[in-house]
Amino acid sequence: MSEKGCCCGHTMDQQFTELAPVLDKYAKVPGSLITILQKAQDIYGYLSFDAINYISQATGIKPAKIYGVATFYSQFRLKPIGKYLIMLCKGTACHVNGADTIEESICEYLNIQDGETTEDGLFTLNNVACLGCCSLAPVMMVKSAEGDETYGNLTKDSVKEVLAEIRERA
Amino acid sequence: MKVIIGQGSCGVATGAKKTAAEFEKLIAEKNLDAVVDITGCVGTCYLEPIVDIYGDDGALTRYVKVQPENVAEIVERHLAKGEPVKEMAISQEDQQFIEKQQRVVLRNCGVINPENIEEYIAADGYKAIEKVVTSMTADEVIEEIKISGLRGRGGAGFPTWFKWDAAKKSPGNEKYLVCNADEGDPGAFMDRSVLEGDPHSLLEGMIIAGYAMGANEGVIYCRAEYPLAIHRLEIAMDQAREKGVLGKNLFGSGFDFDIRIKAGAGAFVCGEETALIASLEGERGMPRLKPPFPAAKGYWQKPTDINNVETLANVPWILYNGGAAFGAMGTEKSKGTKVFALAGKIKKGGLVEVPMGLPLRDVIYGIGGGIKNDKEFKAVQMGGPSGGCIPASLIDTPVDYENITKTGAIVGSGGMIVMDETTCMVDMARYFLDFTRKESCGKCNYCRIGTKRMLEILERITEGEGRDGDIELLEELAVKIKDGSLCGLGQTAPNPVLTTIKYFRNEYEDHIYKKKCTAKSCKALIKYDITDACKGCTLCSKKCPVGAISGEVKGQHVIDQDKCVKCGRCLESCKFNAITVE
């Protein structure tokens, strides 16, 4: 790839080797921006400004526009995340069954708020709209390189046990 | 013998994969003549993991809540000796959860293996499309759907045939069929279940719709939060192409149709058709003014029809059994069946498919078994953030488009969240406004700023800072937001507030004037106390995360109200009912 940076003079030092094949496939297919961003996030865990600039160069779409799309959808993150992403369901069924107290419990245990990452880089907490497992409410999904694991019928204490177990394993 | 384990997202979440692995291990160890297979969600999510064992004579025994540690006994007694383990099988009462339903959309969910096209074909799958492309004209297909009376299951309830017909009549050769699988209502999961449990019925429905309107390409816009659904759809599409039921020249008719998946990226507003199209084109999902309607100018400015998953999954059944058979179910204006996602404070939560027009009572008590912990039923929320709360006094309302709309709620996508006496209705309104405020795309001022203002008012009411005139202000804003918004999101966002004010005005007034939360749920308005029933066991003081409880061993404890964070742990831990909430 070219070493050309953005207009602020910042240069990219990262070689986006894993993203290159994705762009080869989608860069010139109209309407593929969201797909490209999803693949980029799958690879790097988040969308860095460098990644956005790189995608911009390959697709010809202005960085500002890519940024606009990336910030519109709740799926996209502009900051790196921890090894384990906690997706806490805040759907209606979970809300009625006490998702707020589960959130308090997680925040208290990990000492982070929604959207933040623990200092050790292990956990990131993200509240999500609905995971679609409403009859098991309250629910959370933990995403990691090991796969996605869903935990249902959570209580203030059981959620801590789950997190403690993951912490021990990691 | 065949061992079938339900592996929808809900089954997997309760450990179905571990249960399946245990079966496989023990069957191999004991060298038994049995195969392990998977299926989707049968709908009784509260009983997961569910294991169905079919004997060689075809007899079915259904085991529920089967954890890995229970597997050995089932293998030992049922598989090895042929004696079903009766005490672990589904109870008569739970069996009725399914028997009381009438299944059209969910006909194959929890029955067939969704990753095997042969099982779908054996269940009369792809027969409807064969009949359609070899013996019917597009107009005849549309006429059949018109006879059936099928209306959009995604929310608005618009007649399906009309949309197909409009797209068909639009000039142009290049047309698109889009399936909205971006189930955005937090609390509805029927589309997920169909995608995971019976993906072929959606594919077949899409091919039929494509044939009727003259489209050769279909796009499924699916939530990225449903990875298993996307995975199963991909498998189904590959198998369908291999079988020749998807792709070029279907059944030798010369009709071509193919489908691709686009993963959504999480935006509730994309339930609106024009916003969904913008998102498909890789843009911010913002709605635009209609007309032109998508039927005239949609995806890439071409005629486009958009239907939801459940709507399309009905289509193969209708074409195979005839529109009249579908129309015979339901009420005069709301035909057929509808799937509801029963959740919240309900004993038996899961997916329920019933004919339209069944009273709410029959769904909540007859099938759902009533309220968890036998508390008092207060209200049911229908239609998610666009819907409203229906109070206990209206529990005999028939569930169909017209009657539910009369209450101020909507059928919507079919989410039914049951609430009991401990659910605060002002807090529910606050919850939904928080949701719509975040999800507003920001295009219309009233939706962007109005929902924010409404949320602020609701927040201050729940925090005990409500003011005289707040209720009236909410009502005024609600009307303006409805009038001043371009799309369905803004036009319906005030509904949860309006319905709770309509039916539970006293709760709003209690919060504002008496500083009291009847449901004892708003933290700022409740107070924990310890009565003289306290035995001084010290458990609560150990559980208290902020050290607000003090007292001698065997002496009555007290709560320091300034320190108390009202987390309720003391109440949960007390074995002597000595803690009160006021």
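Residues numbered from 1 in each chain as written. Chains lettered and ligands numbered in written order. Predicted model: local features only at pLDDT ≥ 70, side-chain atom pairs only at ≥ 80, totals over all residues. Heavy atoms only, no water.

**A closer look at the interface of chain A and chain B**
Then, in step 1: Taken together, the 41 residues of chain A in the interface contact 58 residues of chain B.
Then, in step 2: In this structure, arginine 569 of chain B engages glutamate 108 of chain A in a salt bridge whose closest nitrogen and oxygen atoms are separated by 3.9 Å.
Then, in step 3: At the boundary of chain A and chain B, one finds 22 residue pairs in polar contact (both at pLDDT 80 or more).
Then, in step 4: For the side of chain A that touches chain B, the secondary-structure elements that each account for two or more residues are helix H2 (33–44), helix H4 (63–72), helix H5 (92–96), helix H6 (99–110), strand S4 (147–151) and helix H7 (156–169) of chain A.
Then, in step 5: Among the elements that take part in the side of chain A that touches chain B, H4 of chain A stands out by supplying 5 residues, more than any other.
Then, in step 6: Residue composition of the side of chain A that touches chain B, grouped by class: 15 nonpolar, 16 polar and 10 charged. (Contact = heavy atoms within 4.5 Å. Salt bridge = Lys/Arg side-chain N within 4 Å of Asp/Glu carboxyl O. Polar contact = N/O pair within 3.5 Å; in protein donor to acceptor, adjacent residues only side chain to side chain. Helix = DSSP H or I, 4+ residues; strand = E, 2+ residues; numbered from the N terminus. Nonpolar A, V, L, I, M, F, W, Y, C, P; charged D, E, K, R; others polar.)

**Here we look at the nonpolar core**
Then, in step 1: Judged by nonpolar contacts, the single largest core of 94 residues is most densely connected at Ile220, Phe257 and Leu319 of chain B.
Then, in step 2: Setting aside chain neighbours within four positions, we find phenylalanine 257 of chain B in contact with Leu177, Met206, Ile207, Gly210, Ala215, Asn216, Glu217, Gly218, Leu246, Gly247 and Leu250 of chain B.
Then, in step 3: In this structure, Tyr54 and Ala70 of chain A together with Tyr299 and Ile306 of chain B belong to the second largest nonpolar core, which totals 43 residues. (Core = buried A, V, L, I, M, F, W, Y, C linked by side-chain atoms within 4.5 Å. Buried < 20%, exposed > 50% of the residue type's maximum accessible area, 1.4 Å probe, protein only.)

**Considering the pairing of strand S4 (residues 60–63) of chain B**
All names here are of chain B.
Then, in step 1: Bridging between strand S3 (residues 51–54) and S4 involves 4 bridges; their strand directions are antiparallel. Across the sheet, valine 51 pairs through a bridge with tyrosine 63, a residue of S4.
Then, in step 2: Between the end of S3 and the start of S4, which pair antiparallel, lie 5 residues, with glycine 58 showing a positive phi angle near 90°. (Pairing = 2+ DSSP bridges.)

**Things to note about the sheet that holds strand S1 (residues 2–6) of chain B**
All names here are of chain B.
Then, in step 1: The strand order S2-S1-S3-S4 describes an open sheet built from 4 strands, whose pairing is mixed. Both outer strands of the open sheet, strand S2 (35–39) and S4, are each paired with one neighbouring strand and no more. Within the sheet, the average angular offset between the axes of one strand and its neighbour, ignoring direction, is 25°.
Then, in step 2: For S1 and S3, the ladder comprises 4 bridges, and the chain directions are antiparallel. Its bridge partner being in S3, isoleucine 5 is matched across the sheet by valine 51. (Axes fitted to C-alpha atoms, helices over the stretch in contact; angles between N-to-C directions.)

**Description of helix H19 (residues 470–483) of chain B**
Since one α-helical turn is 3.6 residues long, residues separated by three or four positions face the same way.
Residues and elements named next belong to chain B.
Then, in step 1: Between the first and last C-alpha of H19 there are 20 Å, a value that for 14 residues agrees with the 20 Å anticipated at 1.5 Å per step.
Then, in step 2: Of all the positions in H19, only Asp470, Ile471, Leu474, Leu477, Ala478 and Ile481 are classed as buried. For H19, the angular spread of buried residues about the axis comes to 125°, placing them on one side.
Then, in step 3: Among the structural elements, helix H18 (445–462), helix H20 (488–492) and helix H21 (495–514) are those in contact with the buried residues of H19. (Expected span 1.5 Å × (residues − 1). Arc of directions from axis to C-beta.)

**Structural notes on unusual backbone geometry**
Residues and elements named next belong to chain B.
Then, in step 1: With an omega dihedral of -5°, the bond running from lysine 290 to proline 291 counts as a cis peptide bond.
Then, in step 2: Tracing the backbone shows proline 291 in the loop between helix H12 (273–280) and strand S8 (304–308).
Then, in step 3: Cis geometry is found at the peptide bond from proline 291 to proline 292, where omega equals 0°.
Then, in step 4: When you line up the elements, proline 292 lands in the loop between H12 and S8.
Then, in step 5: Look at phenylalanine 251: it is not a glycine, yet its phi comes out positive at around 50°.
Then, in step 6: Tracing the backbone through its elements, the reader meets phenylalanine 251 in the loop between helix H11 (227–243) and strand S7 (258–263).

**As for the confidence of the model for chain B**
Interpretation of the predicted coordinates at a detailed level should be avoided for regions scoring low in pLDDT.
Then, in step 1: For chain B, the mean per-residue pLDDT works out to 95, and 100% of the residues sit at or above 70.
Then, in step 2: ipTM for the predicted complex: 0.91, alongside a pTM of 0.93. (pLDDT = per-residue confidence, 0-100.)

**Description of the domain arrangement of chain A**
A common way to express how large an interface is: the accessible area buried when the components associate.
Then, in step 1: According to the domain assignment, chain A consists of domain 1 (1–79) and domain 2 (84–169).
Then, in step 2: Of note, the centres of domain 1 of chain A and domain 2 of chain A, computed from C-alpha atoms alone, are 29 Å apart. (Domains from an automatic or database assignment.)

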